[in-house]
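Chain residues, written in single-letter form:
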Amino acid sequence: MRPSRRAPDELRAVSLERGVVKYAEGSCLVKFGDTHVLVTATLEERLPPWLKGQGRGWVTAEYGMLPRATLERTRREASSGKQSGRTVEIQRLIGRSLRATIDLEALGERQITVDCDVLQADGGTRTASITGAWVALADCISWMKARNMIKTDVLRDHVAAISCGIYNGTPVLDLDYAEDSTAETDANFVMTGDGRLVEVQGTAEKTPFSQNEFLALMALAQKGVARLVDLQKMAVG
């Protein structure tokens, strides 16, 4: 039995609330159970120096956890003068995931920065961030279209992410912290709306996992991402 009493293939309650920040070109408050992430998308008419003159845009991401997103206060990384390796890894993952589904040439020489701020953490902050970031990005693109800044389809597909793991010998979907902290195996799957893989992160925490177990986790992820994509479609209308 899972601590949450969910079925092995059952997601936590997921919500995607758009337009929660007045000044951002796109925004989304995403909730995966008790994991809550505020995502904003900001359009800038500038590019990193290494991209100037290449006729294409860029999408990048920043990620952070608020001090009381967890049970005990976490010191702000700005106060220490540098980001942790975990933070850098996650924000690069978010950026890669979003760029996998956007036509950078159609975007033009502009940059969209997606900020993911974890308000409350209960496992799966990176997967919730990616799922909500796509919604914020889609709203930013719609904002641009409404102002005739772009004329072609920039977004080629959806992208969403979900965690899976082996908990008490059973493959399960969408781990919360109680499961993630004691799972024998945990993995994160980033997938497009048509079921293609963008990235897979998998780790044996206690004992190595078999190919069959990995395939079971992937099957769960495919089901979970399909449901998340449906929710994204409902959110953006």
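Since we're looking at a predicted model, the values are computed, not measured.

Undergrad: Is there a simple way to think about the packing of helix α4 (residues 125–146) against helix α6 (residues 211–236) in this case?
TA: How two helices pack is summed up by the angle between their axes together with the distance between the axes. Put simply, α4 and α6 touch, their axes get as near as 10 Å, and they point 30° apart. With respect to each other, α4 and α6 are oriented roughly parallel. Our pair here, α4 against α6, has a crossing hand that is right-handed. Counting all contacts with α4, which are made through T131, W134, V135 and A138, the residues of α6 involved are L228, Q232 and V236. Residue classes in the contact of α4 with α6 are distributed as five nonpolar, two polar and no charged.

Undergrad: What exactly am I supposed to notice about the state of the cysteines here?
TA: By definition, a disulfide links the sulfur atoms of two cysteines through a covalent bond. Tallied over the entire structure, the rule returns zero disulfides. Left without a disulfide partner, C116 is nearest to the cysteine sulfur of C28, which lies 9.6 Å away. Considering cysteine sulfurs only, C116 is the nearest to C164, which forms no disulfide, with 20 Å between them.

Undergrad: Got a minute to help me understand the pattern of salt bridges in this structure?
TA: A pair can form between side chains of opposite charge whenever their charged atoms are brought close. Within the structure shown, the criterion is met by 13 salt bridges. With a shortest N-O distance of 4.0 Å, R6 and D174 are connected by a salt bridge. One end of the pair, R6, is in the segment before β1 (14–18); the other, D174, is in the loop between β7 (170–173) and α5 (177–180), with 168 residues separating them in the sequence. For D174, a relative accessible area of 0% corresponds to the buried category.

Undergrad: Honestly, the packing of aromatic side chains in this entry has me stumped. Any pointers?
TA: For any pair of aromatic rings, the description rests on two quantities: the centre-to-centre distance and the angle between the ring planes. Tallying each qualifying case throughout the model produces two aromatic pairs. With a centroid separation of 5.1 Å and an interplanar angle of 80°, the aromatic rings of W50 and W58 are classed as edge-to-face. Ring centres 6.0 Å apart and planes at 35° place the aromatic pair F189 and F214 in the tilted group. In this pair, F189 is assigned in strand β8 (residues 185–192) and F214 in helix α6, connecting sequence segments 25 residues apart. Since its relative accessible area comes to 0%, F189 is described here as buried.

Undergrad: Just checking my understanding: could you explain the sheet that holds strand β9 (residues 197–204) for this structure?
TA: Within the open sheet, the four strands sit side by side as β7-β6-β8-β9. Their pairing is antiparallel. Each edge of the sheet is formed by a strand with only one pairing partner; in this case those strands are β7 and β9. Across the sheet, the axes of successive neighbouring strands diverge by a mean angle of 15°, strand direction being ignored. Inspection of the sheet shows strand β6 (residues 159–167) paired to β7 by four bridges, in the antiparallel sense. Each residue of the ladder has a partner; that of C164, found in β7, is L173. Here helix α2 (residues 85–99) sits on the sheet in contact with β6, β8 and β9, set at roughly 150° to β9. Here α4 sits on the sheet in contact with β6, β8 and β9, set at roughly 160° to β6.

Thresholds, definitions, all that
Residues numbered from 1 in each chain as written. Predicted model: local features only at pLDDT ≥ 70, side-chain atom pairs only at ≥ 80, totals over all residues. Heavy atoms only, no water. Axes fitted to C-alpha atoms, helices over the stretch in contact; angles between N-to-C directions. Helix = DSSP H or I, 4+ residues; strand = E, 2+ residues; numbered from the N terminus. Parallel < 35°, antiparallel > 145°, perpendicular 65-115°, else oblique. Left-handed = near helix turned anticlockwise from the far one by under 90°. Contact = heavy atoms within 4.5 Å. Nonpolar A, V, L, I, M, F, W, Y, C, P; charged D, E, K, R; others polar. Disulfide = S-S within 2.5 Å. Salt bridge = Lys/Arg side-chain N within 4 Å of Asp/Glu carboxyl O. Buried < 20%, exposed > 50% of the residue type's maximum accessible area, 1.4 Å probe, protein only. Phe/Tyr/Trp six-rings, centres within 6.5 Å; stacked < 30°, edge-to-face > 60°. Pairing = 2+ DSSP bridges.

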